[in-house]
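What the coordinates show
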Amino acid sequence: MKKFSLVEFSVDHPKLIVFLSVIVTFLFLTQFPKIKTDTNPKNMLPAASDVRVWNDEVDRTFGLYEDMIVLGVTNEQGIFNKDILGKISRVTEEILKIKGVALRDVNGFSTITNVTDEQGTLRVAPLMPEAPKTEEEIAALKKQLFGNSLFVNRIISEDGKTTAIYVPLEKGANGKEVADQIRKIIAKEKGSEKYYIAGDPVARDTFGSEMFKLMAIFAPIAGGVMLFVRYLMFRDFFLSITLMMDALMSIVWSMGLLIGLGFPVHIMSSMAPVFLMAIATDSIHIFNEFYFRYKEKKDKRAAILATMDAVGRPVRYTALATTAAFAVLLFMNIVPVKVFGGLIAFGTVALRILSFSFIPAMFTFVKEKNIANIAEGEDAHLSKTSLFLRKLAGYGTHRPKATILIGFIVFVVSVVGITRIKVNNNMVEWFKPNSEIRVADREVNRALGGTSLGYIVAVSDEDDFIKNPETMKYLEGLQRHIEKLTFVGKTFSVVDYLKRINRVLHNDDPKYDIVPAEKNTIGQYLFLFSMSAKPSDLDNVVDPSFKAANIWVQMKTWDARAMQSVIASVNEYKKLHPIALELKPAGTAYFNLVWNHEVLWDMVRGFILALIVVFLILALDFRSAKWAIVGYAPLLFTIVVIYGVVGFIGKDFDMPISVLSCLSLGMAVDFAIHFISRFRQRLASMPETDVTEALLWTAVRPGKGILRNAILFAASFAVMLFAPLTPYITVGAFIVSMMLLSAAMTIIYIPALVTLMQNQLFKKDTHGLLVKPAKTR
C-alpha cells in the first residue's frame, strides 16, 4: 500500500486544502472577540510568588497603595505667587474627583499634613487648606515649607521652582486613564508653568496601550513590506500573497488558541505575530527551489513534488529546531514566559503543516506560463546574486584557515563585549528620550526626591520596639546612610514625624529636631499625632503594634539596579551596626528588581536549555555530532557577536533583548540546517561532484533561498526602527542585523569548516578516498 503523502494529497486536492485552511482559520478567528489584555508586569510573576505575597502584606500592614502617580508643577519664576498657588489648589481639588484616585491620601500643598505648634499645643492640619491671597500668607507658606524637612525635596524643590502632587490609585485603576483625566484638568490652566505627569503606573499602562496600537500598525506594514519584497524577488503577486497568507493563518491560529484557552495577551505574547512572521519566511526556501525545479522538469506537478522532496527534510528539521527552542520555555517558572514559548511553538508547527499542504496546493493555481517566465530568471550560473554568493562561499572554501582565524578573533572580541553586559530593566526608558513620559520623569527626578518608590521595612519580634529611642536613632542613621547613594533623593519614616513633633513642641527650636531621649515621650508624641493627623500619615510608616516600621525611599531612576544598590547599602549598615531588627526591602522598585531578575534569568535559562536541545536536534538530523558542530558554529558565532555588540555599546540586557535570544537561535540554526542538508544531498545524488564544487553549488542555489529569507525578513522588520517605543526599535535593529549576519556566516563559515574538516566529516574507503554521505529523506 502506498504511503500517504500530505504534499501529494494537497497537490491533487488543492481546492479542498484551501477550503479547510480557511475554515480552520475562521474557527480560530471566532475567539478574537474574547481577547483580554494584561500589561501589568506584576502579573508576570505568580500570585503566590514571594515578592507579591510580601508586597501585599506590606501594603496591608502600612495602608499603602500599589500605584502612585506624581504630578510635577514647575515655574521658572518660582511657584510662590497667587496665580500658581491658586492653580495648584484648583488642580488638586479636581484630581480628588477622578474615579480610581485614592482621594483620602492624595498629598500636595492642599492636602498634606503639616505639624505646627499653637500656643504650646500640637496642631496637625493641611498645609494649605486654601490658596494664599496676600503676600504675607505666601511668605508664611514658604516659611512652613522650607522649615519642615518632611516637605523639602518631597513636595517642594530646594530652589522653590517645583512642587508635586502625589496621587495614589485605588486597586485596579488604570494609570493611563487617570493620567489622561489629569491632562484634561491641567489643560484648562493657562500660564507659564509646566506640568509633568510621571510614575510607574503611567509608564506601564501607557506602554501597554501604545504596544497594542503599534502591533495593529506595524504588523500590517511589516506584512506589506514583506509582500512587496517577495514580489520583487519573484515577480509573482499571487504566490507572494500565498506566503503572506501562510504567515497570517499561523498568527490567527496561534492567537486564537491563546485567547480561546483564556490567557490574556501580555507584553510578551503581544510580540507573537512578529515572531511568527519571522519564522514564516523559512517557506521562502520552498519558493526558491520550486522555480529551479520547474526549469528542470518543465512540469508543474512534478516540480512541486521534486521541490518538496528536496527541501522537505530541512524544512521539517528547521521547524523541529525552532519549535524546540521555544518549547523549552514551557519548563520555565514564569507563567507568561511559558505561555509565550507554547504560543510560538504551536505557531511554528502550524506554519510547517501549512508549508506541506497550503503552499503546494496554491502552487497548482498558478499558470505554467507565469511559472516558466519566472523560472527563466533563476539561473544558478549567470545571475548577479548567484555569482555574488559563489564568490562569498569561495572565500571560505579557498581560504578556510584565514576565514576561521578572522572569525575566531571577532569571536574573542565579542566575548569581551559580553562580559560588559549589565542585566537591567527600566520601563520608563522603553519610551524615547523626548517622549512625554521620559521628559516628565526626568524633570520631576531632577527637581524632587524621585518618582521611583521603594520601602525598607524594619521588623522586630517585640511590641513597641520601634518606640525605643535606640531604635529610632538606628532608623535615622539608616536613612542617612541610604541617602549617600547619588540616585536616592529622599527618605522619610516615623523618625521624621517624631523629630518634627519634638521640635514644634519646643517652640520650633532647631536644636530639638532630634529623637527624644525617653520611650514614654516618644509614645506620647506619636499618640498625639495619631489623634489629629490623617490615619494614613502614621499608618504608612509604622504598624499599630510598633513592631515594624517602614522607611520610604524615593529614587531618581527606575533602573532595577538602583534598588539592588539600596539593598546593598542597607546590608552594609546592618553589618556595621547590628540590632535586633530584620530589614527587608519592599515596594514597586523592589518588585521591579525581582521581576527583572526572575523574568530575564528565566529567559536566559530557557535559552541555554534551547542551545542544548538544538544541538541534539542537529546531531539527530545529520546523524553525526561532528556535522552538528559545523551547523552549530554560525549559530553560536551570530549570537556571540550580537550580544558582544550589546555589551560594547552599553545597552542593558533587558526583556526585549532576552526575548530575541530565542528568535536568534531559531533563525540562525534554520540557515545551517538548509545549507548542510542540501550540501549532503548534492554529494549523495552527484557522486562525481567533489566537496568544493558541492559547497559552491549549495551556496549558489539553496544559498539563494537563505539570502532571500534574510533579506525578506530584515526588510519587513526594518519598519520597526521608526517605532516610538524603544523595545520595538531594539527588536527591529536586532532582527535586521541578526538575519543578515546569520545568512553571511552560514554561507562563508560552513564552507570554510567543511573544507578544513573534510577528513573528520567524511569516512574513507580502503583506498583512502572520501566516502560521500548516503541520501537521507
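Please refer to the structure higher up on the page.
Just so it is clear, the model here is predicted, and its values are computed rather than measured. (Residues numbered from 1 in each chain as written. Predicted model: local features only at pLDDT ≥ 70, side-chain atom pairs only at ≥ 80, totals over all residues. Heavy atoms only, no water.)

Describing unusual backbone geometry
Of note, the phi angle at N507 is positive, near 55 degrees, even though the residue is not glycine. Topologically, N507 is positioned in the loop between α19 (494-504) and α20 (519-532). (Helix = DSSP H or I, 4+ residues; strand = E, 2+ residues; numbered from the N terminus.)

Points about the sheet that holds strand β4 (residues 162-169)
Pairing in this open sheet of three strands is antiparallel, and the strands run β4-β1-β5 from one edge to the other. Looking along the sheet, the strands with just one partner apiece sit at the ends: β4 and β5 (194-198). Averaged over neighbouring strand pairs, the angle between their axes works out to 20 degrees when direction is ignored. Two strands pair when backbone bridges link them, and strand β1 (residues 67-74) and β4 are joined in this way by eight bridges, in the antiparallel orientation. In the strand pairing of β4, I69 is matched with V167. Against the sheet, helix α4 (residues 82-95) touches β1, β4 and β5, its axis set at about 5 degrees to β4. Across the face of the sheet, helix α17 (residues 436-447) comes into contact with β1, β4 and β5 while running at roughly 105 degrees to β5. (Pairing = 2+ DSSP bridges. Axes fitted to C-alpha atoms, helices over the stretch in contact; angles between N-to-C directions. Contact = heavy atoms within 4.5 Å.)

Some thoughts on the packing of aromatic side chains
Within the structure shown, the criterion is met by 20 aromatic pairs. Positioned above the aromatic ring of F287, the side-chain terminus of R230 is 4.5 Å from the ring centre. Here the guanidinium or amino end of K584 rests over the ring plane of W54, the centre of that ring lying 3.7 Å away. (Phe/Tyr/Trp six-rings, centres within 6.5 Å; stacked < 30°, edge-to-face > 60°. Lys NZ or Arg CZ within 6 Å of the ring centre and 35° of its normal.)

Comments concerning α17
If you check α17, its first and last C-alpha atoms are 17 Å apart, about what 12 residues at 1.5 Å a residue would give, namely 16 Å. Taken residue by residue, α17 has I437, R438, A440, D441, V444, N445 and A447 as its buried positions. Structurally, α17 contributes buried residues whose contacts are with β1, β4, β5, α7 (200-234) and β8 (548-555). (Expected span 1.5 Å × (residues − 1). Buried < 20%, exposed > 50% of the residue type's maximum accessible area, 1.4 Å probe, protein only.)

Structural measurements only, silent on function.
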